[in-house]
Amino acid sequence: MKLYNTLSRTKEEFTPLEGNTVKIYTCGPTVYNYAQIGNMRAYLFMDLLRRVLKYNGYSLKHMMNITDVGHLVSDEDEGEDKMAKSARLEQKSPWEIAEFYTEAFMHDIEALNISRPEIISKATDNIPEMIDFVLGLEKNGYTYEIDDGIYFDVQKFEGYGKLSRNKLDDLQAGARVEVNDQKRHPADFALWKKAPKEHIMQWESPWGMGYPGWHIECSAMGLKFLGEEFDIHTGGVDHIPIHHENEIAQSEGLLGHPAVRCWMHNEFLLVDGGKMSKSLGNNYTLTQLSEMGYEPDVYRYFCLNAHYRQKLNFTFEGMNSSKTALKNLRAAVQKHKGASDEFNDLEKFRNDFNEAVSDDLNIPKALGIIWTLAKNDAKNNEIYDFILKCDEVFGLNLDKEEAVVEIDFQELIDARTLAKKNKNFAEADRIRNEIVAMGYQLLDTFEGTICKPIG
Ligand code: AMP
Ligand code: ZN
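None of the values given here were measured: they were computed from a predicted structure.

### Describing the overall build of the chain
Phase 1 of the analysis: A tally of regular secondary structure across the chain gives 15 helices and 15 strands.
Phase 2 of the analysis: Its C-alpha atoms give the chain a radius of gyration of 24 Å, near enough to 23 Å, the size a compact globule of 455 residues would have.
Phase 3 of the analysis: Projected onto the principal axes, the alpha-carbon positions of the chain cover approximately 75 × 50 × 40 Å.
Phase 4 of the analysis: Counting all 455 residues of the chain, 54% fall into the buried class.
Phase 5 of the analysis: Nonlocal contacts in the chain, meaning residues at least 24 apart in sequence, comprise 75% of its contacts between residues at least 6 apart.
Phase 6 of the analysis: Here the chain displays about 20,600 Å² of accessible surface, and carbon together with sulfur accounts for 48% of that area.

Pasting the structure below:
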């Protein structure tokens, strides 16, 4: 099986470090607010990785943290702690905020049929391990103390920038005017912050009362729960240049060797080609989508149509056709239940499916293969059983009974033509993918574009 490693920028053959068990670390949510559907794309990716590994016969030891302290509003170690800010706005304690939004998050992942990592642990339950980690870095000469905390000295770590391929000089040149002029380099980051009296979440430490930096959480918890070296680390692409770069510096600074073998990152979910944000009013939660009539499995299907390393543009047109497509796929699958027409090609489909999912989780391709199989004229119960086996990867409840919905292909073709005319090629491609995912192809003819079943 091949997985794309961000560190080497290539697909690499995957073999676990220890026997048959794959050790994975996933950066969990910062529980200061409801997760938006973009965040959920990151956990859907994590889930697909889990499912494909399991399908391929591996067992998992997978750890996900819950960030309930230390993640500051700005990536430059400045500003309020996100938890403290939310607590202030909602007039609750940070602990209450954490409990409430952790529960909401767990509810969302269950609704999306995302399987839970074997180990889930809160940052605040691991403070002693973080302090020990910082002490180790201090001993190895990677830290310095300034007025507001203990910092990691990136210039002491030779490998800084190897994940993002940023150079320290460029980071220096590109840095905004330093808010904290005691820092030796703009990329230096806080390991431990000293807490002013009014800061609610604080712990005793060798450096006085304070709280951990965000990055140290993941290095310390990875070490505690998975050991000095583990197989895979996941997160969204936004984590590459800072959070994961800093994790690498910390872990290698302490251990003297890399902790992670394969770094995997999901691309972003975009809205109208841009970022989701509260101020633009376009950051939906799963609950809001449900209220609009889109059940979580529709969003799951929508995400499965794009490879995890592709940007995905969220549109309601896309959600509408995912809703139809999922219903029709389930209806097509049902027709095979208990049927006994002759069918001898299952091995070919099985091989194609295995190949697709094992090629860096090519789920869109695997879904296309299953669509073609489901629509096969010969109906056979073995097909039914096999598709349900594949659904252990998709997690789409394909055994659910549904009635066929007529698809208005002309509407899709017109939308694609319009997108092309407006030079919105990403949208045009998305519509094409959507049509292909339903087992159809687009053909340009003299009379215009038409849709035909594939095969
Ligand atoms: P956070 O709770 O902010 O720490 O983010 C949780 C996860 O969601 C991280 O792995 C982020 O990289 C990821 N993430 C945030 N926004 C998006 C988005 N729009 N699309 C995909 N992943 C995202
Ligand atoms: Zn992390």
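### Quick notes on the sheet that holds strand β4 (residues 59–66)
Phase 1 of the analysis: Pairing is parallel in the open sheet, where five strands are placed in the order β5-β4-β3-β10-β11. At either end of the open sheet lies a strand with only one pairing partner, and these are β5 (119–122) and β11 (260–266). Taken pair by pair, the neighbouring strands of this sheet meet at an average axis angle of 20 degrees, ignoring direction.
Phase 2 of the analysis: As defined by bridge partners, strand β3 (residues 21–26) adjoins β4 across six bridges and the pair is classed as parallel.

### Remarks on helix α10 (residues 316–334)
Phase 1 of the analysis: Taking 1.5 Å per residue, 19 residues should reach 27 Å; α10 reaches 27 Å between its end C-alpha atoms and fits that length.
Phase 2 of the analysis: Counted residue by residue, α10 has 14 buried out of 19 residues, so it is predominantly covered.

### Examining the site of ligand 1
Phase 1 of the analysis: Lining the immediate environment of ligand 1, one finds 17 residues, of which T30, G38, G236, D238 and L269 sit closest.
Phase 2 of the analysis: Contact between ligand 1 and N39: an oxygen atom at 3.1 Å from a side-chain N or O atom of the residue.
Phase 3 of the analysis: At 2.4 Å from an oxygen atom of ligand 1 is found a side-chain nitrogen or oxygen belonging to D238.
Phase 4 of the analysis: When residues of the shell around ligand 1 are traced back to their parent elements, those giving at least two are α1 (37–55) and β10 (230–236).
Phase 5 of the analysis: Broken down by element, the shell around ligand 1 gets its largest block of residues, four residues, from α1.

### Regarding the coordination of the zinc ion (ligand 2)
Phase 1 of the analysis: For the zinc ion (ligand 2), the full set of protein donor atoms is C27 (SG), C218 (SG) and H243 (NE2), and the range of their distances to it is 2.0 to 2.2 Å.
Phase 2 of the analysis: Spacing between the donor residues of the zinc ion (ligand 2) along the chain follows C-x190-C-x24-H. Pair noted here: C218 is in helix α6 (residues 214–226) and H243 is in helix α7 (residues 240–255), with a separation of 25 residues, a long-range link. For the pair C218 and H243, a shared accessibility class is recorded, and that class is buried.

### Focus on the sheet that holds strand β7 (residues 149–152)
Phase 1 of the analysis: Taken together, four strands build an open sheet; the order of strands is β6-β7-β8-β9 and the sheet is antiparallel. On the outer flanks of this sheet lie β6 (143–146) and β9 (210–212), each paired with one strand and no other. On average, each strand axis in the sheet is inclined to that of its neighbour by 25 degrees, with strand direction left out of account.
Phase 2 of the analysis: Pairing between β7 and strand β8 (residues 189–194): four bridges, direction antiparallel.

### A look at the pattern of salt bridges
Phase 1 of the analysis: All told, the structure shown has 22 salt bridges when counted by the stated rule.
Phase 2 of the analysis: A salt bridge links E18 to K23, with the shortest nitrogen-to-oxygen separation between them at 3.3 Å.
Phase 3 of the analysis: Among the ionic pairs, E427 bridges to R430, the shortest N-O distance being 3.0 Å. Placement of the pair is E427 and R430 together in helix α15 (residues 425–437), with a separation of three residues, close to one helical turn.

### Remarks on the nonpolar core
Phase 1 of the analysis: Membership of the largest hydrophobic core comes to 59 residues, with the highest contact counts inside it found for L53, I232, F353 and F394.
Phase 2 of the analysis: Top element by residues in this core is helix α12 (residues 363–374). It accounts for eight residues.
Phase 3 of the analysis: Setting aside its immediate chain neighbours within four residues, L53 contacts M1, F14, V22, I24, Y58, L60 and I232.
Phase 4 of the analysis: Core analysis: the next-biggest nonpolar cluster, separate from the first, contains 42 residues, M63, A123, W192 and A195 among them.

### What to know about the environment of I413
Phase 1 of the analysis: In this fold, I413 is placed in helix α14 (residues 409–421).
Phase 2 of the analysis: Separated by 18 residues in the primary sequence, I413 and I431 place their C-alpha atoms 8.1 Å from one another.

### A short note on unusual backbone geometry
Phase 1 of the analysis: Its identity is not glycine, yet Q91 carries a phi of approximately 55 degrees, on the positive side.
Phase 2 of the analysis: Within the element layout of this structure, Q91 appears in the loop between α2 (82–90) and α3 (94–111).
Phase 3 of the analysis: The class for Q91 is exposed, based on a relative accessible area of 74%.
Phase 4 of the analysis: Look at K423: it is not a glycine, yet its phi comes out positive at around 60 degrees.
Phase 5 of the analysis: Turning to its location among the elements, K423 is positioned in the loop between α14 and α15.

### A look at the packing of α1 against helix α9 (residues 296–304)
Phase 1 of the analysis: Where α1 contacts α9, the axes come no closer than 11 Å and their chain directions differ by 70 degrees. Relative to α9, the element α1 is oriented roughly perpendicular. For the pair α1 and α9, the contacting residues are I37, G38, M40, R41, L44, D47, L48 and R51 in the first and Y299, R300, C303 and L304 in the second.
Phase 2 of the analysis: Considering only residue class, the contact of α1 with α9 consists of seven nonpolar, one polar and four charged.

### A closer look at the side chain of H265
Phase 1 of the analysis: Tracing the sequence through the fold places H265 in strand β11.
Phase 2 of the analysis: Among the residues examined, H265 registers a relative accessible area of 4% and is labelled buried.
Phase 3 of the analysis: Looking at H265, its side chain comes within polar contact range of the side chain of T6, at 2.8 Å.
Phase 4 of the analysis: Within the structure, H265 has its side chain in polar contact with the side chain of H244 (distance 2.8 Å).
Phase 5 of the analysis: With residues up to four places along the chain from it excluded, the contact list for H265 reads T6, F45, L163, G235, G236, V237, I240, H244, Y308 and R309.

What counts, and at which threshold
- Along each chain, the written sequence defines residue order, and numbers are assigned to residues from 1.
- Ligands are numbered from 1 and chains lettered from A, in the order in which they are written.
- Reporting in this predicted model follows two pLDDT cut-offs: at least 70 for local features of residues, and 80 or more for side-chain atom pairs to be given and counted; totals over whole chains, interfaces and linings ignore these cut-offs and use all residues.
- By convention in this description, side-chain values take in all heavy atoms of the structure and omit both hydrogens and water.
- A helix here means a DSSP run of H or I that spans at least four residues, while a strand means a run of E at least two residues long, and both kinds are numbered starting from the N terminus.
- For this measure, only C-alpha atoms enter the radius of gyration; the expected value for a globule follows 2.2 Å times N^0.38, where N is the number of residues.
- The rule is simple: take the accessible area with a 1.4 Å probe, protein chains only, and divide by the maximum for that residue type; under 20% is buried, over 50% is exposed, in between is partly exposed.
- Whether two residues are in contact is decided by their heavy atoms: any pair within 4.5 Å suffices.
- In short, Shrake-Rupley with a 1.4 Å probe defines the accessible areas, and a residue's cover is counted only from the protein chains shown.
- Strand pairing is assigned whenever DSSP identifies at least 2 bridges connecting the two strands.
- Fitted lines through C-alpha atoms serve as axes, helices being fitted only where they are in contact, and the angles separating the N-to-C directions of these axes extend from 0 to 180 degrees.
- In this scheme, a helix's expected span is set at 1.5 Å multiplied by one less than its residue total.
- Think of it this way: one heavy atom of a residue within 4 Å of a molecule or strand is enough to make that residue near it.
- Contacts described as polar in this section are N or O atom pairs within 3.5 Å, which, within protein, must combine one atom able to donate a hydrogen with one able to accept it, while residues neighboring in sequence count only if both atoms come from side chains.
- For Na, K and Ca the donor cut-off is 3.2 Å, while for other metals it is 2.8 Å, and in both cases only N, O and S atoms qualify; water is not among them, so sites may look incomplete.
- A pairing counts as a salt bridge when a side-chain nitrogen of Lys or Arg comes within 4 Å of a carboxyl oxygen of Asp or Glu.
- Among buried residues, those of type Ala, Val, Leu, Ile, Met, Phe, Trp, Tyr and Cys that are joined through side-chain atoms within 4.5 Å constitute a nonpolar core.
- Comment on the angle field: the value is read as roughly parallel under 35 degrees, roughly antiparallel over 145, roughly perpendicular from 65 to 115, and oblique elsewhere.
- Nonpolar residues are Ala, Val, Leu, Ile, Met, Phe, Trp, Tyr, Cys and Pro. Charged residues are Asp, Glu, Lys and Arg, and all others, Gly as well, are polar.

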